[in-house]
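A structural walkthrough
Each chain, written out:
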Amino acid sequence: MKHYIIVKFADGTDFRALESPVRAIFEETLSIPGIHGVDIRLSNSDRQNRYDMMIVMDMEKDALPAYDSSEPHLRWKSEYGGCVAKKAIFDCDD
């Protein structure tokens, strides 16, 4: 399945500067059995009503609980949760 995390950061957050450290955190999830890939995309739009970052994970549906309780996921939430204004999570089949 694909697991999408679509993020709008708080005003004033330089989300482009966050790409590398966020990518490093999510690449650690590749050690979780059932997670096969991670891709991070940044918005190419400066419009206020656009989200800033999309994290796409390719994983087995059964890997979702392990991901949810993983150290990288908890670190993502603790380190970046404070600068997230809005977030959408979407899961779907490939």
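Okay, so let's go over this structure. Please read all numbers here as calculations on a predicted model, not as lab measurements. (Residues numbered from 1 in each chain as written. Predicted model: local features only at pLDDT ≥ 70, side-chain atom pairs only at ≥ 80, totals over all residues. Heavy atoms only, no water.)

**Points about the overall build of the protein chain**
A count of helices and strands for the protein chain gives 3 helices and 4 strands. Beginning at the N terminus, the succession of helices and strands in the protein chain can be written as β-α-β-β-α-α-β. Computed over its C-alpha atoms, the radius of gyration of the protein chain comes to 13 Å, within 12% of the 12 Å expected for a compact globule of 94 residues. Dimensions of the protein chain, computed from the C-alpha atoms along their principal axes, are close to 35 × 25 × 20 Å. Classification of the 94 residues of the protein chain by burial places 37% in the buried group. (Helix = DSSP H or I, 4+ residues; strand = E, 2+ residues; numbered from the N terminus. Rg over C-alpha atoms; globule rule 2.2 N^0.38 Å. Buried < 20%, exposed > 50% of the residue type's maximum accessible area, 1.4 Å probe, protein only.)

**Structural notes on the nonpolar core**
Core analysis: the biggest nonpolar cluster contains 22 residues, and F9, V22, F26, I55, M59, Y67 and W76 have the highest contact counts within it. Elements represented by at least two residues in this core include exactly strand 1 (2–9), helix 1 (15–27), strand 2 (35–42), strand 3 (53–59), helix 2 (64–68) and helix 3 (71–80). The leading source of residues in this core is helix 1, at 5 residues. (Core = buried A, V, L, I, M, F, W, Y, C linked by side-chain atoms within 4.5 Å.)

**Focus: the layout of surface pockets**
Space inside the largest pocket adds up to approximately 170 Å³. As for the largest pocket, its lining consists of 14 residues, and the residues nearest its centre are K8, T13, F15, Q48 and D52. Split by residue class, the lining of the largest pocket holds 4 nonpolar, 4 polar and 6 charged. (1 Å grid on protein atoms, 1.4 Å probe; cavity = no way out; pocket = protein on both sides within 12 Å on 5 of 7 lines; lining within 4 Å. Points joined across faces, edges and corners; volume = space filled by probe spheres on them. Nonpolar A, V, L, I, M, F, W, Y, C, P; charged D, E, K, R; others polar.)

Such coordinate-based values are descriptive only and should not be taken to indicate function.
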